[in-house]
Amino acid sequence: MPSFLYCPDCGVPAEVTDRFRLASTDGPAEHVTLRCAAGHRFAMPGDLLPAQARELLRAQGPDPHVSSGR
């Protein structure tokens, strides 16, 4: 199920098209890729999303593209 929010550049509706984790000094950090209706694309840390968008992603469960490592 896609998650919708607004483009950080132009404010039109945007969709989370991917979720992934990247290594950081504090351990793996979730990142998202956004694509807006105007064609902008962003890859950014998930914690930079507005709180409401973070809650939507949490409700969808863990990132389906990342194994638990067990």
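Fair warning: this is a prediction, and the values are worked out from it, not measured in the lab.

K.L.:
So, the pattern of salt bridges: which residues are in play, and what are the values?
P.N.:
The full count for this structure, using the stated rule, is 2 salt bridges. A salt bridge links E30 to R19; its shortest N-O distance comes to 2.7 Å. On the criterion of sequence distance, the pair formed by E30 in strand 3 (residues 29-36) and R19 in strand 2 (residues 13-22) is long-range, its members being 11 residues apart. Put simply, R58 and E55 hold a salt bridge, and the shortest N to O gap is 2.5 Å. One end of the pair is R58 and the other is E55, both in helix 1 (residues 51-59) and 3 residues apart, which spans about a single turn. Residue R58 is classed as exposed on the basis of its relative accessible area, which comes to 54%.

K.L.:
Which residues make up the pairing of strand 3, and what are the values?
P.N.:
The side chains of a regular strand alternate between both faces of the sheet. With 8 bridges joining them, strand 2 and strand 3 adopt antiparallel strand pairing. Looking at the pairing, E15 lines up with R35 of strand 3. Counting the residues in the hairpin turn of strand 2 and strand 3 gives 6 residues, including G27, whose phi is positive at 100°. Pairing of strand 3 with strand 4 (residues 41-45), which is carried by 5 bridges, proceeds in the antiparallel orientation. Bridge pairing in strand 4 links L34 to F42. What sits between strand 3 and strand 4 in their antiparallel hairpin is a turn of 4 residues, with G39 showing a positive phi close to 100°.

What counts, and at which threshold
- Residues numbered from 1 in each chain as written.
- Predicted model: local features only at pLDDT ≥ 70, side-chain atom pairs only at ≥ 80, totals over all residues.
- Heavy atoms only, no water.
- Salt bridge = Lys/Arg side-chain N within 4 Å of Asp/Glu carboxyl O.
- Helix = DSSP H or I, 4+ residues; strand = E, 2+ residues; numbered from the N terminus.
- Buried < 20%, exposed > 50% of the residue type's maximum accessible area, 1.4 Å probe, protein only.
- Pairing = 2+ DSSP bridges.

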